[in-house]
Amino acid sequence: MRPGAWWTQSALVFVGLSAFIVYATWAALQGQFYTHGPYVSPFYSPELFGDSPHSWFGPKPAAWPAWLPFSPALFILWAPGGFRLTCYYYRGAYYKSFWADPPACAVGEPRKTYRGEKSFPLIMQNVHRYFLYVAILFIGFLGYDAWKALWFADPATGKVSFGIGVGTLVLAANTVLLGGYTFGCHSLRHLIGGRIDQMSRAPVRLQAYNCASCLNRRHMAWAWTSLCSVMFADLYVRLCAMGIWHDLRII
């Protein structure tokens, strides 16, 4: 009986998340065109095993199953993917848009029972706090990638010099947006101040809690902008590597 187009937001979320899932799956399984000069796609960073100069431990492991397509992204995407999948905001978003649980506020559900997150498999959503620890490490990896994107090798001499390209700005902006999303996480706020009864007695933790709370107030905006930025960063590096786009050097 709720008037108005209550279904609009759920429909947009469904389209947006579906588009990202399809693109990210396709990009992760490519296994190529993920580096261009000093740039590394965030879908492949850190590159633990691979054929590019950015690989940490060399090429594909010899023990890799022959029947399984190899991609460096398969080693690392479980971490940021798990962090987003179990995120408090995203859970509310995809519960509504994919499962109609409920499709919108004050709109009935297509089921009569409510099980919550107390039973399998949804009880596994509680691992979100542990994915947070890994996600913080990934912000450091991406920050390092943004730093490496400031140093360009001369094709003729191999000499490395400082510079800034459009790709540098793309990777740096992506790191900032992902940082805003990660450091505004509900679990991080609880980690900082969840066990303190009087925050005023811990001024350093109070300041950190206030900073996390400030980011948390726009958690939905950080979630969507960082989702778009990480996809665009991969697309930018990919198209440059394929020769479709040409990276513009600003400095």
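Residues numbered from 1 in each chain as written. Predicted model: local features only at pLDDT ≥ 70, side-chain atom pairs only at ≥ 80, totals over all residues. Heavy atoms only, no water.

Asker: Account for the pattern of salt bridges, with residues named and values stated.
Answerer: Taken as a whole and assessed by the stated rule, the structure comprises five salt bridges. The partner of Glu117 in a salt bridge is Arg91, with the nearest N and O atoms 2.7 Å apart. In this pair, Glu117 sits in the loop between α3 (88–99) and α4 (128–148) while Arg91 sits in helix α3, placing the two residues 26 residues apart along the sequence. Of the charged contacts, one joins Asp234 and Arg238 as a salt bridge, the two residues approaching to 3.3 Å between their closest N and O atoms. Of this pair, Asp234 and Arg238 both sit in helix α8 (residues 219–241), four residues apart, roughly one helical turn. Across the pair, exposure class does not vary: Asp234 and Arg238 are buried alike. Each of Asp101, Glu109 and Arg111 takes part in salt bridges that share partners, so that together they form one network. (Salt bridge = Lys/Arg side-chain N within 4 Å of Asp/Glu carboxyl O. Helix = DSSP H or I, 4+ residues; strand = E, 2+ residues; numbered from the N terminus. Buried < 20%, exposed > 50% of the residue type's maximum accessible area, 1.4 Å probe, protein only.)

Asker: Account for the nonpolar core, naming residues and giving values.
Answerer: The biggest cluster of nonpolar side chains holds 32 residues, and the ones touching the most others in it are Leu17, Phe20, Phe43, Phe83, Tyr89, Tyr90 and Tyr181. Put simply, the parts of the chain that give this core at least two residues each are α1 (8–30), α3, α4, α5 (166–182), α6 (186–193) and α8. Counting residues per element, this core draws most heavily on α1, at seven residues. Sequence-distant contacts of Leu17, that is, excluding residues within four places in its chain, are made with Tyr90, Tyr94, Phe98, Trp224 and Leu227. Membership of the second largest hydrophobic core comes to nine residues, among which are Tyr39, Val170, Tyr236 and Cys240. (Core = buried A, V, L, I, M, F, W, Y, C linked by side-chain atoms within 4.5 Å. Contact = heavy atoms within 4.5 Å.)

Asker: Before we move on, could you go through unusual backbone geometry and cite the residues and values that matter?
Answerer: With an omega of 0 degrees, the peptide bond running from Ser45 to Pro46 counts as cis. Relative to the assigned elements, Pro46 resides in the loop between β2 (39–40) and α2 (78–85). The linkage connecting Phe120 with the following residue, Pro121, adopts the cis geometry, with an omega of 10 degrees. Residue placement: Pro121 occurs in the loop between α3 and α4. Within the chain, Ala106 stands out as a residue other than glycine whose phi angle is a positive 60 degrees. Within the secondary structure layout, Ala106 lies in the loop between α3 and α4. On the accessibility criterion, Ala106 (73% relative accessible area) is exposed.

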